[in-house]
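Geometric and topological summary
Each chain, written out:
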Amino acid sequence: MSNDTIESLLQDCTARATTYLNTIDQRSVAPSAAAQADLAQFVMPFPAKSTDPAEVLATLDQIGSPATVASAGQRYFGFVTGGSLPATLAANWLAAAWDQNSAFSVMSPVVAQIERVALGWMLDVLGLPTESAGGFVTGATMANFVGLGAARHALLTRAGWDVEAQGLFGAPPIQVVVGDEVHVSLLKALGMLGLGRERVHRVPTDAQGRMVAEKLPPLTDMTIVCTQAGNVNSGAIDPHDAICTSSRAKGAWVHVDGAFGLWAKASPQFQEIAAGIELADSWATDTHKWLNVPYDGGFVACRDAQAMHQAFTINAPYLELQAQREPCHYTPEMSRRARGIDVWAALYSLGREGAAALIERTCRHASRFGQGLAEAGFDVLNDVVLNQVLVSFGDDETTNRVIEAVQADGTCWCGGTVWHGRAAMRISVSSWATTDDDVERSLAAIIRVAKGAAGRG
Ligand SMILES: *Cc1c(COP(=O)(O)O)cnc(C)c1O
């Protein structure tokens, strides 16, 4: 392919992507039924002959773009979903052009260096111990996997067992403690590690979904306590001061699933509800949620750098830490894309103030949703302490009907959940792009739709 072809192709791509992002605000947040029906056009036999790259791109844009969920826009409040900060989207494109393998520094000195810097900045913005090791993974599921893998290594090493070499057959047992509202992906990580999705001690949670520290079972130095920073429904953060203090006293390992809630630490205003998180041993978070980097991105940090290194190194586990950080000794993958570049670009463009402002602004939007919905007479089910709002519109059937109608209306998108036995609509404000005006428009639409849909019951 000639340089001219690449140039015109990438220019075409830029034009199409720009049009997409410039018009995303004018379309329904959910893709229309017609756009979804058109996805059938992707179904074609595997072509025998080659296709012009320009046509490949045009097909993707013409059929694909209208059928996207507009989560890169300003009024997507489903699940816990960030958009992409401009700097990180652009850096991601350049990194794709570089096509670096991030496994070893010899394969890409630039990626190894940027990831070292991004690691330091992540520990800084999240207020985690500076001696921690860290890794850039696909999301919180894999970040939990790595943190818990380091924990498994550390506990079994203390008990004289080499789990990486010998596996778990015949190993001394590890007790795993979780809160009753543990995220399903943490259980999945436990399953992948041979620790078992169901072989856990569940600690009761309070009205906001926080683990009750007084109800922890007796802990030992063979216990992993899995806490949560950011209940996926309510946004509530476990009482880390109390949990970490009692765990430390017994030599138990604390792993924090902080997929989004760990970011409370980036704001002076929200640090208090996250107090004590820095006393834990390992931390998992998403970067594609609240940091607003493109999918996929997650980050894991571990205070005991040696444990994380030995659990994930591809060398013999008795090797010492190398002076030069080699990325693939800290993640499950060997070859992978340069995920740390997205994080570096996001943090570089935001700075400490911008990161705090992003957290504070989205939380303010969530408060406004909670206040506006309560004023309109609907039941806000959680204390809105972070970026999550749970609202009921009456009985479960009515609530579910309203959620469907909100999605069909297209002004914004919110999903459904079940909170303490009750159907609820969940509003998660995680995008850098959402403005005050977007919140007011969305609030008005939800209230209008809810009053209409409730009336039709
Ligand atoms: C989203 C989330 C996860 C899973 O994150 P992925 O990025 O989808 O792997 C885990 N825990 C909590 C609390 C979450 O909100």
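Quick summary incoming for the structure in this document. (Residues numbered from 1 in each chain as written. Predicted model: local features only at pLDDT ≥ 70, side-chain atom pairs only at ≥ 80, totals over all residues. Heavy atoms only, no water.)

As for the overall build of the chain
- From N to C terminus, the chain includes 13 helices and eleven strands.
- Across its three principal directions, the C-alpha atoms of the chain cover 65 × 60 × 45 Å.
- When the 457 residues of the chain are sorted by exposure, 52% land in the buried category.
- Long-range contacts, defined as pairs at least 24 residues apart, comprise 74% of the intrachain contacts of the chain with a sequence gap of at least 6. (Helix = DSSP H or I, 4+ residues; strand = E, 2+ residues; numbered from the N terminus. Buried < 20%, exposed > 50% of the residue type's maximum accessible area, 1.4 Å probe, protein only. Contact = heavy atoms within 4.5 Å.)

Focus: the sheet that holds strand β8 (residues 379-380)
- Pairing is antiparallel across the open sheet formed by four strands, whose spatial order is β8-β9-β11-β10. Every other strand in the sheet has two partners, leaving β8 and β10 (415-419) as the edge strands with one partner each.
- With four bridges connecting them, strand β9 (residues 388-392) and strand β11 (residues 422-428) associate as antiparallel partners. For Val391, the partnering residue across the bridge sits in β11 and is Met425. (Pairing = 2+ DSSP bridges.)

Quick word on a nonpolar patch on the surface
- Residues Leu39, Phe42 and Leu60 make up a contiguous nonpolar surface patch of roughly 260 Å² in combined accessible area.
- Tracing the backbone shows Phe42 in the loop between α2 (33-37) and α3 (53-64). (Patch = residues over 30% accessible without salt bridge, like charges linked within 9 Å, V, L, I, M, F, W, Y side chains within 5 Å. Areas by Shrake-Rupley, 256 points an atom, 1.4 Å probe, with all protein chains shown as cover. Salt bridge = Lys/Arg side-chain N within 4 Å of Asp/Glu carboxyl O.)

Description of the sheet that holds strand β6 (residues 282-286)
- Taken in spatial order, the seven strands make up an open sheet running β1-β7-β6-β5-β4-β2-β3, and their pairing is mixed. Edge positions in the sheet fall to β1 (133-137) and β3 (201-203), since each has one partner strand and no second. When the angles between neighbouring strand axes are averaged without regard to direction, this sheet yields 20 degrees.
- Contacts from helix α6 (residues 140-158) reach β1, β4 (223-228), β5 (253-257), β6 and β7 (298-302), with the element oriented near 175 degrees to β5. (Axes fitted to C-alpha atoms, helices over the stretch in contact; angles between N-to-C directions.)

Considering the site of the ligand
- The environment of the ligand is made up of 13 residues, and the closest members are Thr141, Asp257, Asp286, His288 and Lys289.
- Backbone polar atom of Ala140 to an oxygen atom of the ligand: 3.1 Å apart, as the coordinates give it.
- At a separation of 2.7 Å, a nitrogen atom of the ligand approaches a polar side-chain atom of Asp257.
- Protein coverage of the free-state accessible area of the ligand, which is 390 Å², stands at 84%.
- Tallied by class, residues from the shell around the ligand come to four nonpolar, six polar and three charged. (Near = heavy atom within 4 Å. Polar contact = N/O pair within 3.5 Å; in protein donor to acceptor, adjacent residues only side chain to side chain. Nonpolar A, V, L, I, M, F, W, Y, C, P; charged D, E, K, R; others polar.)

Overview of unusual backbone geometry
- The amide bond that connects Tyr295 to the next residue, Asp296, takes the cis arrangement and shows omega of -10 degrees.
- Turning to its location among the elements, Asp296 is positioned in the loop between β6 and β7.
- For Phe79, which is not glycine, the phi torsion reads 45 degrees and is therefore positive.
- Mapped onto the secondary structure, Phe79 falls in the loop between α3 and α4 (86-98).

Quick word on helix α11 (residues 339-375)
- Between the first and last C-alpha of α11 there are merely 43 Å, a value that for 37 residues lags more than 12% behind the 54 Å anticipated at 1.5 Å per step.
- Within α11, the axis deviates most sharply at Gly351, by approximately 95 degrees.
- Phi turns positive one or two residues past the end of α11, at Gly377, with a value near 100 degrees. (Expected span 1.5 Å × (residues − 1). Bend = angle between axes of the 7 residues up to and from the residue.)

Examining the nonpolar core
- Core analysis: the biggest nonpolar cluster contains 48 residues, and Met122, Leu216, Val225, Trp263, Trp283, Leu291 and Leu386 have the highest contact counts within it.
- For this core, the elements supplying multiple residues, two or more each, are α5 (109-125), α9 (240-250), β5, β7 and α11.
- The dominant element in this core, judged by the number of residues it contributes, is α11, at eight residues.
- Listed in part, the 38 residues of the second largest apolar core include Ala133, Val137, Leu186 and Ala307. (Core = buried A, V, L, I, M, F, W, Y, C linked by side-chain atoms within 4.5 Å.)

So, the pattern of salt bridges
- Applying the stated criterion across every chain, the model contains 19 salt bridges.
- Here Glu115 ties to Arg325 by a salt bridge, and the two come within 3.9 Å at their closest N and O atoms. Highlighted residues: Glu115 in helix α5 and Arg325 in the loop between α10 (305-312) and α11, separated in sequence by 210 residues.
- Taking the relative accessible area as the measure of exposure, Glu115 reaches 0% and is therefore buried.
- Taking the relative accessible area as the measure of exposure, Arg325 reaches 9% and is therefore buried.
- Asp180 is paired through a salt bridge with Arg202; the nearest N and O atoms lie 3.3 Å apart. You can see Asp180 sitting in the loop between β2 (175-179) and α8 (184-192) and its partner Arg202 sitting in strand β3, a full 22 residues away along the chain.
- The class of Asp180 is partly exposed, set by a relative accessible area of 39%.
- The network of salt bridges with common partners includes Asp296, Arg337, Arg339 and Asp342.

So, the packing of aromatic side chains
- In this structure the tally under the stated criterion is nine aromatic pairs.
- With centroids separated by 6.4 Å and ring planes inclined at 65 degrees, the aromatic side chains of Phe260 and Trp290 adopt a geometry described as edge-to-face. Taken together, the residues Phe260 in the loop between β5 and β6 and Trp290 in the loop between β6 and β7 connect sequence positions 30 residues apart.
- Overall, the relative accessible area of 1% leaves Phe260 in the buried class.
- The class of Trp290 is buried, set by a relative accessible area of 0%.
- Seen from their ring centres, Phe378 and Phe393 are 4.9 Å apart, and the 70 degrees between their planes marks the pair as edge-to-face. Here Phe378 is found in the loop between α11 and β8, whereas its partner Phe393 is found in the loop between β9 and α12 (396-409), with 15 residues between them in sequence. (Phe/Tyr/Trp six-rings, centres within 6.5 Å; stacked < 30°, edge-to-face > 60°.)

Bear in mind that shape data such as this cannot, by itself, settle questions of function.
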